[in-house]
Amino acid sequence: MAGDTSSVLAEDGPDAAASETTADAHAEFAQAVLEGLARQKRSLPSRFLYDARGSELFEEITRLKEYYPTRAETALLQTHGADIAEHVGEADSLVEFGSGSSRKTSLLIGALEGLETYIPIDVSETYLAEAAEWLAPQHDGLTITPLVADFTKTDALPDTARGQKLGYFSGSTIGNLTRDEAMAFLLNAAQLLGRDSAFLVAIDLKKSPDILIPAYDDAEGVSASFSLNLLTRINRELDGNFDIARFAHRAIYNEPEGRIEIYLESLAGQTVNVLGRDFAFAEGERIHTEFSHKYSIEGFQALAATAGWRGVTAWTDPDGLFSLHLLRRD
Ligand code: SAH
Ligand code: AVI
């Protein structure tokens, strides 16, 4: 059995287990929002950014000229796919954490010979369903078992996950976790994937804020819409009354911590109600919504080593923007 908040995506629409999961997910969202808004330093967990609209907006971000990570990772897979497959060796099941649209994964699946099963794990059910539908016709004979779950809490894989496992954590989504959370995630992934598994992890590299800031605060305002959509989601799902026009998206680079920090800033003194509770905001007060940590190659490999993963090799683009790390558990 997979963990509490997980369910294998139902093929024929919602069943009893799925609606139970939906109720659990709603309660979890409500609790996280009420707790996060009540804190002195207000914060909301970034995984709630990905409702159906949030997932669409993230896809738009990936196409922005300022947002280099998706292009860089795609190019790495196109250029080094055969080499990656050779270093991976035998892989029967591919387990992806935070799979999103699975567009890049299709390149990896194409490069791996003999892959039998693909298990995309994501909190976004719409994203998973759309990705599985898009992927299936392109990879004949591949068993696809989507799993709706929080990847930080997944403690078991579906029965289709057989044989030699390869993990894939694309997009540099591991950067959205704090360092402690990333280490806990890597420890859990080691348990989940088992002995002799391999793990391909995408890592965005440290670079100038002149490149980083526009990637998270683009000229068209898509990144801002992505952040602000979280307030729209709270209004819709938790009976909130956030005035979206009176909050602004802020992206800063915290150089000592090596991370982008994203906030929603109140543009006025105002009181917001969510699920019957009032939250008073001063002008300029912020709600933290996301971190995006950037690493050096060595810095990430050292972190992975503390969680029992040996760095086999890493691929980077010629501009040193992004990297793909192959880790192994001996
Ligand atoms: N891997 C894709 C998508 C990255 S966006 C890419 O590289 O383009 C981040 C993805 O992780 C989203 O699909 C989001 O729904 C998912 N996600 C974020 N936090 C999650 C969590 N805690 N558990 C499972 N999925 C999560
Ligand atoms: C999913 N993740 C890797 C993105 C990032 O770059 O940290 C999320 C994102 N948030 C704003 N823009 C992109």
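So, here is what we can say about the structure in this document.

**Some details on the overall build of the chain**
So, point 1. Counting secondary structure elements, the chain contains 9 helices and 14 strands.
So, point 2. Relative to its length of 330 residues, the chain is compact, with a C-alpha radius of gyration of 20 Å against a globular reference of 20 Å.
So, point 3. When each of the 330 residues of the chain is scored for burial, the buried share is 54%.
So, point 4. Sequence separation of 24 or more characterises 71% of the internal contacts of the chain that already satisfy a separation of 6 or more.
So, point 5. Of the roughly 14,600 Å² of accessible surface on the chain, a fraction of 49% belongs to carbon and sulfur atoms.
So, point 6. Charge centroids of the chain, computed over 28 positive and 52 negative side chains, lie 5 Å from each other.

**Overview of the pattern of salt bridges**
So, point 1. Inspection of the entire model under this criterion finds 19 salt bridges.
So, point 2. Lys65 is the partner of Glu66 in a salt bridge, and the nearest nitrogen-oxygen pair spans 3.6 Å.
So, point 3. In this structure, Glu257 engages Arg259 in a salt bridge whose closest nitrogen and oxygen atoms are separated by 4.0 Å.
So, point 4. By relative accessible area, Arg259 is classed as buried at 14%.

**Examining the pairing of strand β8 (residues 247-254)**
So, point 1. Most of β8 is tucked away, with 6 of its 8 residues classed as buried.
So, point 2. Note that β8 and strand β9 (residues 259-266) share 8 bridges and pair antiparallel. Bridged to Tyr253 within β9 is Ile260.
So, point 3. Linkage of β8 to β9, two consecutive antiparallel strands, is achieved through a turn of 4 residues, within which Gly258 is found at a positive phi near 60 degrees.

**Some details on the site of ligand 1**
So, point 1. With respect to spatial proximity, 18 residues lie near ligand 1, and among them Gly98, Lys104, Asp122, Phe151 and Ser170 are the closest.
So, point 2. Gly98 places a polar main-chain atom, nitrogen or oxygen, 2.7 Å from a nitrogen atom of ligand 1.
So, point 3. A distance of 2.5 Å separates an oxygen atom of ligand 1 from a polar side-chain atom of Asp122.
So, point 4. When ligand 1 sits alone it has 570 Å² of accessible area, and the protein chains cover 95% of it.
So, point 5. Split by residue class, the shell around ligand 1 holds 6 nonpolar, 7 polar and 5 charged.

**A few points about the site of ligand 2**
So, point 1. By nearness alone, every residue bordering ligand 2 is listed as Tyr50, Phe58, Ile61, Tyr67, Gly171, Ser172, Thr173, Asn176, Tyr216, Phe226, Glu290 and Ser292.
So, point 2. Here Glu290 contributes a side-chain N or O atom positioned 2.9 Å from a nitrogen atom of ligand 2.
So, point 3. The side chain of Ser292 places a nitrogen or oxygen atom 2.6 Å from an oxygen atom of ligand 2.
So, point 4. With the chains in place, 96% of the 350 Å² that ligand 2 exposes on its own is no longer accessible.
So, point 5. For the shell around ligand 2, the secondary-structure elements that each account for two or more residues are α2 (52-62) and β12 (286-293).
So, point 6. Taken together, the residues of the shell around ligand 2 break down into 6 nonpolar, 5 polar and 1 charged.

Cut-offs and rules
Residues numbered from 1 in each chain as written. Chains lettered and ligands numbered in written order. Predicted model: local features only at pLDDT ≥ 70, side-chain atom pairs only at ≥ 80, totals over all residues. Heavy atoms only, no water. Helix = DSSP H or I, 4+ residues; strand = E, 2+ residues; numbered from the N terminus. Rg over C-alpha atoms; globule rule 2.2 N^0.38 Å. Buried < 20%, exposed > 50% of the residue type's maximum accessible area, 1.4 Å probe, protein only. Contact = heavy atoms within 4.5 Å. Areas by Shrake-Rupley, 256 points an atom, 1.4 Å probe, with all protein chains shown as cover. Lys, Arg positive; Asp, Glu negative; His and termini not counted. Charge placed at Lys NZ, Arg CZ, Asp CG, Glu CD. Salt bridge = Lys/Arg side-chain N within 4 Å of Asp/Glu carboxyl O. Pairing = 2+ DSSP bridges. Near = heavy atom within 4 Å. Polar contact = N/O pair within 3.5 Å; in protein donor to acceptor, adjacent residues only side chain to side chain. Nonpolar A, V, L, I, M, F, W, Y, C, P; charged D, E, K, R; others polar.

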